[in-house]
Amino acid sequence: MKRWGLIAVVVLLVAWGWLRAFAWFDPLSACRIHIDVELLEGDRGAIRSAIDVVRREDPLVYRALCRWVDRIQEERQCDAGDPQADRRVRGGAGIPLDVLDPAIRRAREAPGCYVRGSRVIVLRRPPDGGGGPALVRERAEALKRLAGYSQAFWIDHGR
Amino acid sequence: MTRRRAVALGILAILVVLVARYFVWVDVGARCVIGIRPSLVGYDNSTVKRALETLRNGSPEDYRKVCVHVGSINPNPSCGGFGGGCFWHGQNARGRASIDVSTEHGLIWTVAIVVHETCHAIQSHEGRPPGFDYEDECYNEDHRIMRALVQFE
């Protein structure tokens, strides 16, 4: 009996570690959001801190985040268009993004974006690799906004 | 049932689950089956599946085109470096095409590359004339889908 108890504890610990290692895991809120980061450059801790800010500041939005987002990916930037759609870019000309499509530049500078049709939020990797409270705040605000986009998409999609 | 048979059935069941999980996209409702080749570069096939799922929900018309014109997706960077995709114009124009799609740059670009290479498959199936500018149309297609699906402000 004692042996089985020990095995159960070990299994629970391994399961807990597994669920938490690559994700935000909050069993009390039945919330698990997978976090994808670059193997060498990424920092899940900074993303977890931003989610924690959302959880503390805005429980309603946090619930929406848990319900409508299942993955947060850290990428170099958000791309809202393909600059190569312009022949001049494919020809090697260095053309400012604003000339091509201002939305592409704005998306690249945005702290994050939501991919419609998915439950995925993309967060921009800090350009200089920096972190700190300002980054956490910026990401928390982005998560609040982007969780709303996902919620709106899926509620609208279900109609 | 003998023990040996039970073990064989168990192994078969595991194989079926693994193949279904990693190597094929099945959407019974849309009658859409697309093979996905094993990926050698670490990024497992779930990114391709996530891209197809995103298209299905976010742009059903593009998803339908993929189902009609694409039979298999190769996520390995066998062409176009790590960042892009490829369609081989020498393919049999009558069958559903095989396309190469890199998943290196995440979900948004994977979706865009699927749409771009599907556009080439459509060109091939429609027998576009020699000298036709194959790339212009398809770059515009991937640009369009990115603009439609990425919401940032």
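Just above sits the structure.
Residues numbered from 1 in each chain as written. Chains lettered and ligands numbered in written order. Predicted model: local features only at pLDDT ≥ 70, side-chain atom pairs only at ≥ 80, totals over all residues. Heavy atoms only, no water.

A.B. asks: Help me understand the overall build of chain A, please; the structure alone is not making it clear to me.
C.D. replies: Of the regular secondary structure elements, chain A holds seven helices and five strands. Each helix and strand of chain A, ordered N terminal to C terminal, gives the series α-β-β-α-α-β-α-α-α-β-β-α. For 159 residues, the compact-globule formula gives about 15 Å, and the C-alpha radius of gyration of chain A, at 19 Å, lies well above that figure. Along the first, second and third principal axes, the C-alpha set of chain A runs to 75 × 40 × 30 Å. When each of the 159 residues of chain A is scored for burial, the buried share is 43%. By sequence separation, contacts in chain A at least 24 residues apart represent 63% of the contacts at least 6 residues apart. When the accessible area of chain A is evaluated, it comes to approximately 9,000 Å², of which 58% is carbon and sulfur surface. Separation of charge centres in chain A, based on 27 positive and 21 negative side chains, amounts to 6 Å. (Helix = DSSP H or I, 4+ residues; strand = E, 2+ residues; numbered from the N terminus. Rg over C-alpha atoms; globule rule 2.2 N^0.38 Å. Buried < 20%, exposed > 50% of the residue type's maximum accessible area, 1.4 Å probe, protein only. Contact = heavy atoms within 4.5 Å. Areas by Shrake-Rupley, 256 points an atom, 1.4 Å probe, with all protein chains shown as cover. Lys, Arg positive; Asp, Glu negative; His and termini not counted. Charge placed at Lys NZ, Arg CZ, Asp CG, Glu CD.)

A.B. asks: Just to check I follow, could you spell out the packing of aromatic side chains for this structure?
C.D. replies: All names here are of chain A. Tallied over the entire structure, the rule returns six aromatic pairs over all chains. For the pair tryptophan 16 and phenylalanine 25, a centre-to-centre distance of 5.2 Å together with 65° between the ring planes defines the contact as edge-to-face. Ring centres of tryptophan 18 and phenylalanine 22 lie 5.9 Å apart, and the angle between their planes is 80°; on these two criteria the pair is classed as edge-to-face. Classification of phenylalanine 22 as partly exposed rests on a relative accessible area of 34%. A cation over a ring is seen here: arginine 119 above tryptophan 154, with NZ or CZ 4.6 Å from the ring centre. (Phe/Tyr/Trp six-rings, centres within 6.5 Å; stacked < 30°, edge-to-face > 60°. Lys NZ or Arg CZ within 6 Å of the ring centre and 35° of its normal.)

A.B. asks: Would you mind showing me how to read the nonpolar core here?
C.D. replies: One broad rule of soluble globular proteins: the nonpolar side chains tend to lie buried together. With 40 residues, the main nonpolar core has B:Ile34, B:Leu55, B:Ile73, B:Ile145 and B:Phe152 as its most contacted residues. Sorting elements by how many residues they give to this core places helix H4 (residues 106-125) of chain B first, with nine residues. Contact partners of B:Phe152, with chain neighbours within four places excluded, come to A:Ala80, A:Ala103, A:Arg106, A:Ala107, A:Ala110, A:Gly112, A:Cys113, A:Arg145 and A:Tyr149. Membership of the second largest hydrophobic core comes to 29 residues, among which are A:Trp24, A:Ile35, A:Val53 and A:Ile72. (Core = buried A, V, L, I, M, F, W, Y, C linked by side-chain atoms within 4.5 Å.)

A.B. asks: Teacher, can you tell me more about the sheet that holds strand E4 (residues 85-87) of chain B here?
C.D. replies: Either a parallel or an antiparallel arrangement is found when strands of a sheet pair, and the pairing is made through backbone hydrogen bonds. All names here are of chain B. Spatially, five strands are ordered E1-E2-E3-E5-E4 in an open sheet, and the strand pairing comes out mixed. Edge positions in the sheet fall to strand E1 (24-27) and E4, since each has one partner strand and no second. For this sheet, the mean inter-axis angle between neighbouring strands, taken without regard to orientation, is 20°. The sheet strands contacting helix H3 (residues 60-69) are E1, strand E2 (32-36), strand E3 (70-74) and strand E5 (97-101), and the helix crosses E3 at an angle near 95°. (Pairing = 2+ DSSP bridges. Axes fitted to C-alpha atoms, helices over the stretch in contact; angles between N-to-C directions.)

A.B. asks: Explain the interface of chain A and chain B here, please?
C.D. replies: How big an interface is tends to be stated in terms of accessible area lost as the parts join. Tallying the contact residues gives 32 residues for chain A and 25 residues for chain B. Both sides together, the interface formed by chain A and chain B hides about 2,600 Å², and carbon and sulfur atoms give 52% of it. Considering only the surface of chain A that becomes buried against chain B, A:Asp79, A:Asp82 and A:Arg116 emerge as the three largest contributors, covering 21% of it. Our count for the contact surface shared by chain A and chain B stands at two salt bridges. The partner of B:Asp136 in a salt bridge is A:Arg87, and the shortest N-O contact between them spans 2.9 Å. Here chain A and chain B share nine residue pairs in polar contact (both at pLDDT 80 or more) between them. Sorting the residues of the side of chain A that touches chain B by element identifies strand E3 (71-75), helix H4 (87-90), helix H6 (102-109), strand E4 (112-115), strand E5 (120-124) and helix H7 (133-158) of chain A as the ones contributing at least two each. Here the side of chain A that touches chain B takes six residues from H7(A), the largest share from any one element. Residue classes in the side of chain A that touches chain B are distributed as 15 nonpolar, seven polar and ten charged. Where E4(A) meets strand E6 (residues 150-151) of chain B, two bridges bridge the pair, whose relative direction is antiparallel. (Buried area = accessible area lost by both parts, 1.4 Å probe. Salt bridge = Lys/Arg side-chain N within 4 Å of Asp/Glu carboxyl O. Polar contact = N/O pair within 3.5 Å; in protein donor to acceptor, adjacent residues only side chain to side chain. Nonpolar A, V, L, I, M, F, W, Y, C, P; charged D, E, K, R; others polar.)

A.B. asks: Explanation requested: the sheet that holds strand E2 (residues 31-36) of chain A in the structure shown.
C.D. replies: Spatially, six strands are ordered E1(A)-E2(A)-E3(A)-E5(A)-E4(A)-E6(B) in an open sheet, and the strand pairing comes out mixed. Each edge of the open sheet is held by one strand with a lone partner, namely strand E1 (23-26) of chain A together with E6 of chain B. Across five bridges, E3(A) lies against E5(A) in parallel orientation. For A:Gln73, the partnering residue across the bridge sits in E5(A) and is A:Val122.

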